[in-house]
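Listed below, chain by chain, are the residues.
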Amino acid sequence: MMIDYFVLATSVSSFLTSPYNYWAPFAFASAAAVIALLAIIMMFSSFTGRERMRVWAKVKIYDVIFSIMLIFVFFVIIALFTSINFKTQVFGPLNLTPSDCSGPSAVVSGGDIMSLAVCDMYTFNQNVINLNTAIFLIGLRMSFAPQIGIGYTNFFGIQGVGVDTKISPSAPGFETFTGYLLDALYTAFVISQLQLIILAAALLMFSVLMLIGIVARIFVITRSFGGSLIALAIGTGIIYPLLVCITYGYINVGMAKTGLSLTGAGAIAFIGGITGALFTLLLGGLGVPGLSSLLAQFLQFAGYAGMGLVLVPLLNLLIVDVFVIDFSSAVGERMDFMSLLANMI
Amino acid sequence: MMRKETLIVLAVAFLLLPSSVHAGLLSSLTNFCNTSITGSESAAVSSGGISGVVTISLVIVLFMLMALGIFYALGYGFGIDSVKNFTKTEMMESVFTLVIIILVGAGLAFASGAMSFVANLGLSGIQAAASSFSGYVPAPQVSGSTCSSSSYVYETSCSVPGTAGSTCYTQQEARSQLCPQSSVIAISGAGGAYRTMCTNLVGNGVATGINNIIPSMVTLFVLNIFKETTVYAMPYGMGFTFQPFAGLDPVINIVQSQLNIYFVVIMIYVGISFLLIFIYNVFPIFLYGGVLLRSFPWTRAAGGSLIAFFIAFYIIFPAILYPFTLYISTLNANIGAISSISAKNIATQSSYTAIEGLVFGAAMVSEIQGFAESVGYIGVQIIGVLIAFLISYDLVEVLGDVLGAPSLHSRNLLSKMI
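Conventions we followed
Residues numbered from 1 in each chain as written. Chains lettered and ligands numbered in written order. Predicted model: local features only at pLDDT ≥ 70, side-chain atom pairs only at ≥ 80, totals over all residues. Heavy atoms only, no water. Core = buried A, V, L, I, M, F, W, Y, C linked by side-chain atoms within 4.5 Å. Buried < 20%, exposed > 50% of the residue type's maximum accessible area, 1.4 Å probe, protein only. Helix = DSSP H or I, 4+ residues; strand = E, 2+ residues; numbered from the N terminus. Disulfide = S-S within 2.5 Å. Expected span 1.5 Å × (residues − 1). Bend = angle between axes of the 7 residues up to and from the residue. Contact = heavy atoms within 4.5 Å. Salt bridge = Lys/Arg side-chain N within 4 Å of Asp/Glu carboxyl O. Patch = residues over 30% accessible without salt bridge, like charges linked within 9 Å, V, L, I, M, F, W, Y side chains within 5 Å. Areas by Shrake-Rupley, 256 points an atom, 1.4 Å probe, with all protein chains shown as cover.

Student: Give me the nonpolar core: which residues, what numbers.
Tutor: The biggest cluster of nonpolar side chains holds 168 residues, and the ones touching the most others in it are A:I234, A:F270, B:F278, B:F283, B:F286, B:Y314 and B:F317. Top contributing element to this core by residue count: helix α9 (residues 249-294) of chain B, with 25 residues.

This is how it looks when you write it as C-alpha cells:
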C-alpha cells in the first residue's frame, strides 16, 4: 500500500524539479505574445484616440508582467523546497520527525515536505490501525472469558437441594465499551485515510495545478481561473503538507514516546498483558505486574490517536481553506473549495 | 462444591482486592502531564532551530519593503494608480508584520504575561469560593499555638484531622500545608498554568472516573453473581428451582449505564488534557510559521490565521479554562470520590441487606445521588471548555480580520466545518 503512495508522490517529480523543460518556455512565449498583442492594441488606441482602451491595455500588460514575476517566484519556491531537507533541517531539530520517517529505514525516503507529510500521515494511520486491531483483539479475547459455575446441591444430605451461581471473571461492561470505541475509531479513521490519499497527491496537484494556473494567468480571459488554480496548488501542495508535518509529526513522536508497541511481539505482549489483567481484575488484578503502566500507556496512546483523528484534521483543513479563499481572492477568482466539496457531498 | 458462607466470603474478598489498582495509573498519567509540559514556556519557543525563523521573517519583510518601494516607483512612473494603491496597502501590512516580529522576537513573555493576567482575573472568585466552602472547619484564632482539642482546624477532604497537642493552622495554612491540592496558586508562567490544569484534570477528573469505574465494575460483578444465583429444591430429581434475585436487571442496567458514562468521563478528561498538551507544544510553532507566512502578501491569510489561532488558543483558551480546573479541584477535594454504591456497602453489610437496600432503600438513592454529583463534575468542566472554546473561537474570527485572514470571519468557516 505504501509503495502505491510512494509511486504517486514521486511520479510527477520531474514537473517539479525541471519545470523549465516542460512548460516554462511555453509560458514565457505565451507571455511575450500576449504582451506584443497588448502593445499593438495600446498603439492602435493611441492613434485612434481611444483613451479607455489604452488604459485597459496598459493595465493588462502590467498583469502579464506580474504573471511573469509569479513564474520567477515559483522558481524560487521550487529551489527553496527542493534544497531544504525538511526531515533533518527543519522538523528534526524540533523533534517533530518520527523515527519511522527518519533514517535509512524510513517508509518514504525523500526529505521534501510532501514526502515527509505522506510519511507522517502514513505512520499515524498505521498507529491507528494497530490501535484498532489491538482493541478488537482485546475485545475478542475478553469474549472468550469462561464463565465459572459454582454451587452446592447437597444440603442436609439431600441430593438436589442447594444453591449455585455463575461467575464471569472478565471486567463487567468492558466489552460494551470496546465496541463503542471501535465504532468511533473506525469512523474517524476514514477521514484520516482520506487525508493520506490527498497528501499522496499533493505533489501531483501542486505541479499540475500550478502549471495550468500560471499559464492560464498569462491570458487575459483565463486570468482569474489561473489565479484560483495557483491558490489551490499552494494550499494543497505546500500549506497543507506543512501543517501535517507540524501537527502529525508531534502526534507521531508523542505516540512513540508512550513506549507502547502495537506491532509484532510488543502487540502480543500488550494484548496478552492487558487482557490477562482484565480477566483477573476482580480475582486479584493487583498481582498482575505493570497493569497500571499498561493502562496509562494505552490511555496516552489513545489520547494522541483521538487528537489526530478529531481535532487536528479540522484545524488543518480550516487553515488551508482560509488560505485558499483569501489567496485566490488576491490572485484570481475567489475559491471556497471546502464549501464546494461540502455541497457536492 | 463449597458452602454458602465460603461463597460470600469469597465474594467479599473479590470486592476488596482491586481497591488500589488505579493508584499507579493516575500517578503515571500525572507524570505524563509533567513530562509533556516542561519548562516555563513551550520547548518549541526556546528551541534554537525555530528562533531563526524570526530572523528570516525579518529579512523577508525588509526585502518586501524594498520590493514594494520599487513597485511604487514603477507605478508612479507608469501612472498606474492600482499599483500605487496596492503597494501602499502592502507597505502598511509589512510594517504591521514588523511589529508582530518584534513582539515575537522579544519571546513569548508577553503571551505568558497576557495569559497570567486574564487567568488571574478569575482566581479571586475561586479563592473566595474555596474560603467559604463548608468543608473547612473554622480556623483557630492564633496560628502556631498548641491545639487543645482535635476539633480545631482540619481538612475534611484530605482526611488530615487536627491533632490535640499539635501545631494549629490558620484556615489558609491548612489549605496550603495540609491539603495543597485545593490551594489556589497564582499563575506566573504559561508552562506552570498548563501543568496545573493538566494535573488537575487527571488528578481530579480522570480520578473521579476511575474511582467510580472500579467500584461500579465490582458492583456489577457482585450483582451478576446474585442475579445468577439459583436455589434448588429438587430432592430425588423432582421439585422446583428459583432465582431470588432474578429481578435485579433494572439495577444492573443503571449501574451498566453509569459505567459507560464513567468511561466517557475518562475519555473527556484525557481528551482535554491532550488538547492542552497539544496546544502548549504545537501552537507556538504556529506563531512562528504564521509570522513567516504573513511576511509574504500572498500567504498573509494563512499566516494571519495561524497567528490568530495561536493568540486565541495558546493564551485565551487556557486562561479561561484555568479557573474551571481549579474549581473542579476544589470541589473534588471537598466532596471526594463518589462511589457510594455498594462495593463498600456490600462488603460491610450482610449480602441480603445490601441487595435489599439497593433495590428498595437508601443505598440506591445514595447511588443515584452520587452518580449525579460525579456527572456534575463533568458538566462543570464541559461548560468551562465550551465557554473557553466559544470565546477563543470568536476571538480567532476577530483576529483573523485584523491579521489578514478575513475569511475566518466572513465565511464563518469554523462553525461550518464543525
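Student: Explain the state of the cysteines residue by residue, including any values.
Tutor: Residue and element names in this part refer to chain A. In total, this model carries two disulfides over all chains according to the counting rule given. Disulfide pairing is shown between C101 and C119; the S-S distance is 2.1 Å. Its S-S torsion of approximately -105 degrees makes the covalent link between C101 and C119 left-handed. In this pair, C101 sits in the loop between α6 (86-90) and α7 (113-143) while C119 sits in helix α7, placing the two residues 18 residues apart along the sequence.

Student: Describe α9(B), with residues and values.
Tutor: All names here are of chain B. Its 46 residues place the ends of α9 62 Å apart at the C-alpha level, agreeing with the 68 Å of an ideal helix rising 1.5 Å per residue. The largest bend in α9 amounts to roughly 35 degrees and is located at V282, with the proline P284 lying one to four residues further along. Counting buried residues in α9 gives 33 out of 46 residues, a clear majority hidden from the surface.

Student: For the side chain of B:T229, give the residues involved together with the corresponding values.
Tutor: Counting through the fold element by element, B:T229 comes out in the loop between α8 (190-228) and β1 (230-233). A residue is classified by how much of its surface remains accessible, and B:T229, at 12% relative accessible area, is buried. Not counting residues within four places of it along the chain, the set of residues in contact with B:T229 comprises A:V163, A:D164, A:T165, B:F242, B:Q243 and B:P244.

Student: Describe the pattern of salt bridges, with residues and values.
Tutor: A side chain with one charge may pair with a side chain of the opposite charge, provided their charged atoms come close. Tallied over the full model, the rule gives three salt bridges over all chains. We note a salt bridge from A:E51 to A:R54, for which the minimum N-O separation is 3.0 Å. On the criterion of helical spacing, the pair formed by A:E51 and A:R54 is a turn pair, its members being three residues apart in helix α5 (residues 51-83). Relative accessible area serves as the criterion here: at 45%, A:E51 is assigned to the partly exposed category. Close ionic contact of B:K227 with B:D249 constitutes a salt bridge, the shortest N to O distance being 3.2 Å. On the criterion of sequence distance, the pair formed by B:K227 in helix α8 and B:D249 in helix α9 is long-range, its members being 22 residues apart. Using a relative accessible area of 23% as the deciding quantity, one classes B:K227 as partly exposed. Looking at B:D249, the relative accessible area reads 33%, which means it is partly exposed.

Student: Lay out a nonpolar patch on the surface with the relevant residues and their values.
Tutor: Nonpolar side chains collect at one region of the surface, where B:F63, B:M66, B:I70, B:L74 and B:F78 lie side by side and expose about 550 Å² of accessible area between them. Locating B:M66 in the fold gives a position in helix α4 (residues 48-78).

Keep in mind that these numbers describe shape and distance, not what the molecule does.
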